[in-house]
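Analysis of the macromolecular model
Residues per chain are reported as follows:
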Amino acid sequence: MAGSRIREYFNVQYKPGERVLIQKIDFFILTFCCLSYFVNYLDRSNLTNAYVSGMRDELGFVGNQLNVINTCFTVGYVLGQIPSNLSLHYVKPRFWFPSMMLLWGGLTMVTASVHSPQSIMAIRFFQGLCEASTFVGTHYILGAWYTERELGKRSGIFTASGLAGTFIGGFIQTGIYASMNGRHGLSGWRWLFIVDGLLTIPVALYGFFFFPDTPHDTTAFYLTAEERALAVSRVPLREEERSPLTLEFIKKVLTSWYWWGFVVLWIIAGETESFSTNSLLALFMQNHPTNKYAVSQLNNYPTGVPAVGIISTLFWATLTDFLGGKRYLVGYFIGITGIATSAMVLAAAQDPTNPASTTVTFAAYYWAGSVYACQATFFAWCNDAMRYEDGVFRAVVLAGMNLGSNAVNAWWSIIFYGASMAPWFNRGMWAMIACSIALIIWCAGLSRLVHKQVAKNVIDGRDMRVVSAEEKDQTKDV
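Scope of this entry: the structure provided in the associated data block. Quick caveat, the model's predicted, so the values are computed rather than measured.

We now examine the overall build of the chain. Along the backbone of the chain there are 21 helices and zero strands. In terms of overall size, the chain behaves like a compact globule, its C-alpha atoms giving a radius of gyration of 23 Å where 478 residues would be expected to give roughly 23 Å. Along the first, second and third principal axes, the C-alpha atoms of the chain reach 65 × 50 × 50 Å. Sequence separation of 24 or more characterises 80% of the internal contacts of the chain that already satisfy a separation of 6 or more. Carbon and sulfur atoms make up 66% of the accessible area of the chain, which amounts to about 18900 Å² in all. If the 34 positive side-chain charges of the chain are averaged to one point and the 31 negative ones to another, these points end up 2 Å apart.

So this is what it looks like as structure tokens:
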């Protein structure tokens, strides 16, 4: 059974010309999306890297101002989610994505000139507006080009590229601090913002010329007419790709189980990433009760967290593709991980000066990096479930997932993971345990709803899968 499934997974039967088409869109879509997300995460992670590399002292940070800056970014990010994804239906993606990249790259470079935390707060708000285009916009594009069998791996590669930006960002800051600190009168952390901003320019230019938009409106010179027709035939037909924004449409969205199921899923799952997204390991090291770490250590040691995240993301994205799209399994894994790692830190906090406590805490935060796997798999899960819905409907739900998560995270990180709570974040550990339990329960319920909808689609003739008599009975409740 397992052997035949493995052979089937690796020996896919393609239509004539389909393999070449996939190779082309893999190259042109994934290279741009991954490079854009890579520099996107460089721009995001550089704030914490700069903070532990001299910015805190030079600008006179006090209390939880670092968290307030992150909240300002999150507010802009939340406000930009749905407008950005809707814009993809009226502005070609090859114009929209690069334009947003140039704007956020410019704002990143402007950050090098600031003289107070308040200036960074204003800049990061507008940076969040621009960066809102990348994550959910890319997941919408991937869902438009790839089949359910192909989607998980591509989503995983895309998400891993962002984690690679976080991973490499620490080493870049270490190199810049060592080689450019004080050059032309600028601190090393200021040079970090300049270099990161400049990196967006070539990536944006690449997108302007080579990104293929969507199958229905692509004019990419490297795709033949036959390949364009094949690309359209690979995705389900939709009655109206540019649905108008009417009260009827809004009602459709807000009364659908897709919206509430997947938005709440990502609200909960997004908070299970709190250990990593709030840079708790770096803050733990900076505020360690006994150890004093050098700037290079403060930047380099936390890179193990995204490194684990990359491995976990690629593993779970591939495995859930192999298992036929059982993305909910990741939720169970993440729930167990959140409970275990929180318990480890809580135990270590009972004896803070013991060297063993430091070892346990490092191990917990590195293990917690594996929860990044939920990004690729949960957005792929939504794309899978909504494959036969209107494109605008799917785009709004995908954007709503990130909107809901970041709207909660805007205040969640201040209440539970404020910089002043370092090094142990006891309140945050209990919040993580609660979120992990909630995620397990929600994934179980949502997987049942999705299963019923798949059966209904088969019966209605929208999906060509085989469905059992028992599944037919279940559709009565959908």
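Glancing now at a nonpolar patch on the surface. Residues L102, L198, I201, L205 and F209 make up a contiguous nonpolar surface patch of about 470 Å² in total accessible area. Here the element with the most residues in the nonpolar patch is helix 8 (residues 188–210); it accounts for four residues. Here F209 lies in helix 8.

Two elements in contact, helix 16 (residues 328–348) and helix 17 (residues 355–368), have axes whose closest approach is 9 Å; the angle formed by their N-to-C orientations is 160 degrees. By the angle between their directions, the pair helix 16 and helix 17 is classed as roughly antiparallel. At the point where helix 16 passes helix 17, the crossing takes the left-handed sense. On helix 17, the residues that touch T337, A340, T341, M344, V345 and A348 of helix 16 are S357, V360, T361, A363, A364, Y365, W367 and A368. When its residues are assigned to classes, the contact of helix 16 with helix 17 shows 10 nonpolar, four polar and no charged.

Considering the arrangement of structural elements, one finds R234 in the loop between helix 9 (225–233) and helix 10 (247–254). Polar contacts involving the side chain of R234 include one to the side chain of E150, which spans 2.6 Å.

Attention shifts here to the pattern of salt bridges. Here the structure, examined in full by the defined rule, presents 13 salt bridges. Across the salt bridge formed by D26 and R154, the nearest N and O atoms sit 2.8 Å from each other. One end of the pair, D26, is in helix 2 (residues 18–59); the other, R154, is in helix 7 (residues 148–180), and 128 residues separate them in sequence. There is no split in this pair, since D26 and R154 are both buried. Of the charged contacts, one joins K252 and D390 as a salt bridge, the two residues approaching to 3.5 Å between their closest N and O atoms. Of this pair, K252 sits in helix 10 while D390 is found in the loop between helix 18 (373–385) and helix 19 (391–417), placing the two residues 138 residues apart along the sequence. Overall, K252 belongs to the partly exposed group, its relative accessible area being 33%. Through salt bridges that share partners, K153, D321, R327, D384 and R387 make up one connected network.

Below, the discussion takes up the nonpolar core. Counting residues in each nonpolar core, the largest one holds 127 residues, and the members touching the most others are M55, F262, Y365, F378 and Y417. In terms of residues, this core owes the most to one element, helix 2, which gives 18 residues. Look past the residues within four positions of F378 in its chain and what remains in contact with it is L265, W266, A269, R327, V330, G331, M401, L439 and C443.

Calculation notes
Counting from 1, residues in each chain are numbered in the order their sequence is written. Predicted model: local features are reported for residues with pLDDT of at least 70 only, side-chain atom pairs are reported and counted for 80 or more only, and whole-chain, interface and lining totals are derived from all residues. Computation of side-chain values: all heavy atoms of the structure, hydrogens and water removed. Where helices and strands are cited, they refer to DSSP runs of H or I of at least four residues and of E of at least two residues respectively, numbered from the N terminus. Throughout, radius of gyration means the C-alpha value; the globule benchmark is 2.2 Å times the number of residues raised to the power 0.38. What makes two residues a contact is simply this: any of their non-hydrogen atoms within 4.5 Å. Using a 1.4 Å probe, accessible areas were evaluated by the Shrake-Rupley method; residue-level cover was limited to the displayed protein chains. Counted as positive: Lys and Arg. Counted as negative: Asp and Glu. His and the chain ends are not counted at all. To locate a charge, take atom NZ for lysine, CZ for arginine, CG for aspartate or CD for glutamate. Think of a patch as exposed residues, more than 30% relative accessible area, with no salt bridge, where like charges cluster within 9 Å and nonpolar side chains (Val, Leu, Ile, Met, Phe, Trp, Tyr) cluster within 5 Å. Any carboxyl oxygen of Asp or Glu that lies within 4 Å of a side-chain nitrogen of Lys or Arg is treated as forming a salt bridge with it. Axis angles are defined between N-to-C directions and span 0 to 180 degrees, where every axis is a line fitted to C-alpha atoms and, for a helix, only to the segment in contact. Orientation is classified from the angle alone, with under 35 degrees giving roughly parallel, over 145 giving roughly antiparallel, 65 to 115 giving roughly perpendicular, and any other angle giving oblique. Left-handed is the label given to a crossing in which the near helix is rotated counterclockwise from the far helix by less than a right angle, and right-handed is the label when the rotation is clockwise. Amino acid classes used here: Ala, Val, Leu, Ile, Met, Phe, Trp, Tyr, Cys and Pro are nonpolar; Asp, Glu, Lys and Arg are charged; the rest, including Gly, are polar. What qualifies as a polar contact is a pair of N or O atoms within 3.5 Å, subject to a donor-acceptor requirement within protein and to the restriction that residues adjacent in sequence count only when both atoms come from side chains. Whether a residue is buried, partly exposed or exposed follows from its accessible area with a 1.4 Å probe, protein chains only, as a fraction of its type maximum: under 20%, in between, or over 50%, in that order. For this analysis, a nonpolar core means a set of buried residues of the types Ala, Val, Leu, Ile, Met, Phe, Trp, Tyr and Cys, connected via side-chain atoms within 4.5 Å.

So far we have only geometry, and geometry alone does not tell us how the molecule works.
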